[in-house]
Amino acid sequence: ERMHHDDLKRIKGVGQKLEKLLISLGITSFSQIAAWDDDEIDRVDAQLGTFAGRIRRDDWPAQAGYLASGNMAGFEERFGRL
């Protein structure tokens with residue numbers, strides 16, 4: 001049975017390929033991403049291949065923080081409509 005995971009594609013900058021890659025790395029939830037510190041961002045970024053640099057460019061931890069808490073108004077105010 002497929003493990004439940006958040007729809008990581010809701011993070012701007014994450015598409016289907018990138019979502020698959022993240023899940024293969026054991027990253028399945030917004031709350032996980034929201035909790036990343038610089039070391040963890042570097043560790044994950046190093047495994048993203050051609051997608052390297054996107055985490056900071058698109059500020060995934062901040063986006064994931066809004067999504068994890070269900071704060072859509074805050075998300076859309078800062079990152080635009082979903």
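Each chain carries its own residue numbering, running from 1 in the direction its sequence is written. With pLDDT at 70 or above as the cut-off, local features in this predicted model cover only qualifying residues; side-chain atom pairs require 80 or more to be listed or tallied, and sums for whole chains, interfaces and linings still use all residues. Hydrogens and water molecules were not included; the side-chain quantities draw on all heavy atoms of the structure.

Draft legend 1. Up close: the overall build of the protein chain. The number of helices and strands found in the protein chain is six helices and zero strands. Along the protein chain, from the amino end to the carboxyl end, the secondary structure elements read α-α-α-α-α-α. As defined in this context, the radius of gyration uses C-alpha atoms, and a globule is described by 2.2 Å times the residue total to the power 0.38. For 82 residues, the compact-globule estimate of 2.2 N^0.38 gives 12 Å, and the protein chain sits close to it at 12 Å. With respect to the principal axes defined by its C-alpha atoms, the protein chain has extents near 30 × 30 × 20 Å. Partly exposed residues are those whose accessible area sits between 20% and 50% of the maximum for their type, while under 20% is buried and over 50% is exposed, using a 1.4 Å probe and protein chains only. Within the span of the protein chain, comprising 82 residues, buried residues form 35% of the whole. Note on definitions: a residue-residue contact is assigned when non-hydrogen atoms from the two residues lie within 4.5 Å. Looking at the protein chain alone, contacts between residues at least 24 apart form 42% of all its contacts between residues at least 6 apart. For the accessible areas, the method is Shrake-Rupley and the probe is 1.4 Å, while residue cover comes only from the protein chains on display. Element-wise, carbon and sulfur atoms account for 48% of the exposed surface of the protein chain, whose accessible area totals about 5000 Å². Here the protein chain holds 12 positive side-chain charges and 14 negative ones, and the gap between their average locations is 8 Å. A run of H or I in DSSP counts as a helix once it spans at least four residues, and a run of E counts as a strand once it spans at least two, with each numbered from the N terminus. Positive charges come from Lys and Arg, negative ones from Asp and Glu, while His and the chain ends are left out of the count. A charged residue contributes its charge at one atom only: NZ of Lys, CZ of Arg, CG of Asp or CD of Glu.

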